[in-house]
Amino acid sequence: MMPIGALSSVPSALDDLSSPNPTSIVAGALIIVRPGASVFTPYALLPLAMAAVNSLYHILTRKIAGLEPPMTSLFYGALVGAVMFSPVVPFQFQAPETALHWLLLGMLGILATIGHLAL
């Protein structure tokens, strides 16, 4: 779904093709989910919301790529994530219980940083 959303918003070699209607995208996703009284819940819309936000992130990253250095883009992404999740942290955070958990958490941060900087 993300490529369809991205293709409909970003100018490319496919400009002469008609872009998909967002309503048809949502309808197609709902057909795949097969909404019924027992299957369709508000949680079924979460993947749709994730795809829309992910598409928006990639489109904005592409638009800002020529204007700002990559570190600025990484900083803005981390800042938005930190601001959005800060209200949830006091209610959901559980501190790691053992030294191994702390080590794994630290390694996750180090490897994620290396992965972002390597791109």
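Residues numbered from 1 in each chain as written. Predicted model: local features only at pLDDT ≥ 70, side-chain atom pairs only at ≥ 80, totals over all residues. Heavy atoms only, no water.

K.L.:
A description of the overall build of the protein should follow, citing residues and the corresponding values.
P.N.:
Broken down by element type, the protein carries six helices and zero strands. Its helices and strands taken in sequence order, the protein reads α-α-α-α-α-α from the N to the C terminus. Sorting the 119 residues of the protein into buried and exposed places 10% on the buried side. Residue pairs in contact within the protein that sit at least 24 positions apart in sequence constitute 50% of those at least 6 positions apart. Carbon and sulfur atoms provide 74% of the accessible area of the protein, an area that totals close to 9,700 Å². (Helix = DSSP H or I, 4+ residues; strand = E, 2+ residues; numbered from the N terminus. Buried < 20%, exposed > 50% of the residue type's maximum accessible area, 1.4 Å probe, protein only. Contact = heavy atoms within 4.5 Å. Areas by Shrake-Rupley, 256 points an atom, 1.4 Å probe, with all protein chains shown as cover.)

K.L.:
Explain a nonpolar patch on the surface residue by residue, including any values.
P.N.:
A surface patch of nonpolar side chains, about 690 Å² in accessible area, is lined by L100, L103, L104, M107, I110, L111 and I114. Tracing the chain through its elements places I110 in helix α6 (residues 99-118). I110 gets classed as partly exposed once you look at its relative accessible area, which sits at 47%. (Patch = residues over 30% accessible without salt bridge, like charges linked within 9 Å, V, L, I, M, F, W, Y side chains within 5 Å. Salt bridge = Lys/Arg side-chain N within 4 Å of Asp/Glu carboxyl O.)

K.L.:
Which residues make up the environment of R62, and what are the values?
P.N.:
Within the secondary structure, R62 is located in helix α3 (residues 46-64). For R62, a relative accessible area of 55% translates into the label exposed.

K.L.:
Which residues make up the confidence of the model for the protein, and what values do they have?
P.N.:
This prediction gives the protein a mean pLDDT of 78; 76% of its residues lie at or above 70. Here helix α1 (residues 2-9) stands out as the least confident element of the protein, with mean pLDDT 51; α6 is the most confident, with 92. When the criterion is pLDDT under 50, residues 13-17 qualifies, and its contacts beyond four places in sequence or with other chains add up to one contact. (pLDDT = per-residue confidence, 0-100.)

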